Amino acid sequence: MSGQPRSVDQSDRIVPINLRQSGWTPVELLISTRVRKSPYWHLSHQAGCWRATIYNRVYHPRGYVRAEDGGAAVEHEALTKHVTMWNVAVERQIRVKGPEAERFIDYVITRDATRLRPMRGKYVILCNEKGGILNDPVLLRLSQDEFWFSLADSDILFWLQGVNVGMRMDVEIDEIDVCPLQIQGPKSLALMVDLVGERIRRIPYYGLLEARIGGCPVVISQTGFSGEKGYEIYLRDATLHAERLWGAVLSAGERHQLMVTAPGHQRRIQAGILSWGQDMDHETTPFQCNLAYQVPRRKKGDYVGRTALEWIRDEVAAGRPPFSMVLVGMSLGGLPIDDYAPDFWLVSDASGGEPIGYLTSPWHAPELGCNIALGYVPVNRSEVGTRLQVHLPDEYATVPGRPDEARVCAVPFRPSAHPSARELAHARGDDAID
């Protein structure tokens, strides 16, 4: 299908998702000065990075092992069995600092910022006045008056500064010279102990620690984008110290079989971790993409999007969702999907026919022995167990030109090293956590 399918209901969107099926377009990425090279860019290239994308207007490594050598499956094995290091400097750090920092943060996120203690982090969302998700960063609180947003792939700096033009709160809002590396995998704790000592064992999930690695000042959080045990190392003055930190981690990692890899999207899909711009965007509400728990039921002061979000929740509870599509997990037939999808592959109902939905994040899950995906389907096709059909490209279809079977299933597909806040909320019978 080369045109935009009109059978997929996107009537609630101003700009529909582009569902044309263009395939693997053979183009090269132009490296130029209008897109930022992170301080780790040259080090990633030395480590074997052979392809990249753009994330937050920064070049982002997305592959180290070429297909003929095993491709992403080799990187996935390193993540799930050993330990990996990711260049994620694209997670730009936006600092909000000043006497009214807590008040400002509380106004721009849906969760309760006053419950976040210094030297702790929290996964949060920022919404616009319509309830659409602008970003889903990790929020770090360094002190009483200093917060960092570790951004997903949407530039929120200018929005934050714009919000404060009207609010006039006593805060400074700027990007800072801090660039993270992620250390992910079952051997990540052992590696971090070698890097900073036994005290790393005492920081809780989403806890923070100030330390030095290779003489470089860093902030460490027990967080990550993989579903495996993991940490993030936020390097201060990164433009000055990138080589020293990178070398120190590589040296300490030798005894743990450390491998430099791209972010583990196979594993994050299994964990049900969302990717902004792929699984959601500013026209997606939390109630469409398994993030309803981020909208507080407890009393909280005013925040951007509150009126819209509370109205949407009431409409959903009354059986009148003001949207046409919701995100679900799916198990898929077909041959093993072994790379990033270049298109939002289309989904039909079990009887076939015109598409009614689309996949956002498909991949093969070797631990489950099948293909899995996140994707959008109509609300009335979202119940677990619903049978569907998926239109895979010929190289993955069981029979080229014919759709494969799919089935809606529960998310996460398999447990993470740490249960998500969503899972904990469901376990106690609530859909909100603050």
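Residues numbered from 1 in each chain as written. Predicted model: local features only at pLDDT ≥ 70, side-chain atom pairs only at ≥ 80, totals over all residues. Heavy atoms only, no water.

Draft legend 1. Representation of the sheet that holds strand β21 (residues 404-409) within the structure. Taken together, 6 strands build a closed barrel; the order of strands is β16-β19-β18-β17-β20-β21 and the barrel is antiparallel. Recorded for the sheet is a direction-independent mean angle of 45° between the axes of neighbouring strands. (Pairing = 2+ DSSP bridges. Helix = DSSP H or I, 4+ residues; strand = E, 2+ residues; numbered from the N terminus. Axes fitted to C-alpha atoms, helices over the stretch in contact; angles between N-to-C directions.)

Draft legend 2. Expanded view of the sheet that holds strand β8 (residues 138-143). Read across the sheet, 5 strands follow the order β5-β8-β9-β4-β10 without closing on themselves; strand pairing throughout is antiparallel. What marks the edges here is a single partner per strand, and that holds for β5 (120-123) and β10 (172-175). Neighbour-to-neighbour, the strand axes of this sheet turn through a mean angle of 20°, independent of strand direction. Strands in contact with helix α3 (residues 101-108) are β4 (93-97), β8, β9 (146-150) and β10; relative to β9, the strand with the most contacts, it is inclined by about 30°. The sheet contacts of helix α4 (residues 157-167) involve β4, β9 and β10, and relative to β10 the element is tilted by about 165°. (Contact = heavy atoms within 4.5 Å.)

Draft legend 3. Just helix α6 (residues 238-253), in detail. When the local axis directions of α6 are compared, the greatest deviation, roughly 25°, occurs at arginine 244. What α6 keeps buried is the set Ala238, His241, Ala242, Leu245, Trp246, Val249, Ala252 and Gly253. (Bend = angle between axes of the 7 residues up to and from the residue. Buried < 20%, exposed > 50% of the residue type's maximum accessible area, 1.4 Å probe, protein only.)

Draft legend 4. Focus on the pattern of salt bridges. The final tally for this structure, using the stated rule, is 23 salt bridges. In this structure, glutamate 77 and lysine 81 form a salt bridge, with 3.3 Å as the shortest nitrogen-oxygen distance. Linking glutamate 77 with lysine 81, this pair stays in helix α2 (residues 72-81), spanning 4 residues, or about one helical turn. The class of glutamate 77 is partly exposed, set by a relative accessible area of 40%. A salt bridge links arginine 92 to glutamate 175; the shortest N-O distance between them is 2.7 Å. (Salt bridge = Lys/Arg side-chain N within 4 Å of Asp/Glu carboxyl O.)

Draft legend 5. Representation of the packing of α3 against α4 within the structure. As a packed pair, α3 and α4 sit with axes 12 Å apart at the nearest point and diverge in direction by 110°. If you check the angle between α3 and α4, you find them roughly perpendicular. Judged by the twist between their axes, the crossing of α3 over α4 is right-handed. Residue-level inspection shows Phe104, Tyr107 and Val108 of α3 in contact with α4, the latter providing Trp159, Leu160, Val163, Asn164 and Met167. Considering only residue class, the contact of α3 with α4 consists of 7 nonpolar, 1 polar and no charged. (Parallel < 35°, antiparallel > 145°, perpendicular 65-115°, else oblique. Left-handed = near helix turned anticlockwise from the far one by under 90°. Nonpolar A, V, L, I, M, F, W, Y, C, P; charged D, E, K, R; others polar.)

Draft legend 6. The arrangement of the environment of lysine 97 in detail. The topology assignment puts lysine 97 in strand β4. Judged by its relative accessible area of 30%, lysine 97 falls in the partly exposed class. Ignoring sequence-local partners within four residues, the contact set of lysine 97 consists of Asp145, Glu146, Val171 and Glu172.

Draft legend 7. Representation of a nonpolar patch on the surface in the model. A grouping of Leu29, Ile31 and Ile54 is seen on the molecular surface, where their side chains present a nonpolar patch of about 220 Å² in accessible area. Relative to the elements of secondary structure, isoleucine 54 occurs in strand β1 (residues 51-55). On the accessibility criterion, isoleucine 54 (35% relative accessible area) is partly exposed. (Patch = residues over 30% accessible without salt bridge, like charges linked within 9 Å, V, L, I, M, F, W, Y side chains within 5 Å. Areas by Shrake-Rupley, 256 points an atom, 1.4 Å probe, with all protein chains shown as cover.)

Draft legend 8. Representation of the nonpolar core within the structure. Core analysis: the biggest nonpolar cluster contains 65 residues, and Met280 and Leu291 have the highest contact counts within it. At the level of secondary structure, the elements contributing two or more residues to this core comprise β8, α8 (306-317), β16 (325-332), β17 (346-349), β18 (352-365), β19 (370-378), β20 (387-390) and β21. When residues in this core are grouped by element, the largest group, 6 residues, is from β16. Each residue touching methionine 280, except ones within four places of it in the same chain, is listed here: Tyr123, Ile133, Asp136, Leu274, Ser275, Cys289, Leu291 and Tyr376. (Core = buried A, V, L, I, M, F, W, Y, C linked by side-chain atoms within 4.5 Å.)

Draft legend 9. Main features of the environment of leucine 181. Residue position: leucine 181 is located in strand β11 (residues 178-184). It is 9.9 Å that separates the C-alpha atoms of leucine 181 and glycine 224, two residues lying 43 residues apart in sequence. Sequence-distant contacts of leucine 181, that is, excluding residues within four places in its chain, are made with Tyr40, Met85, Trp86, Asn87, Val88, Tyr231, Glu232, Ile233, Leu245 and Trp246.

In short, shape yes, function no, at least from these values alone.
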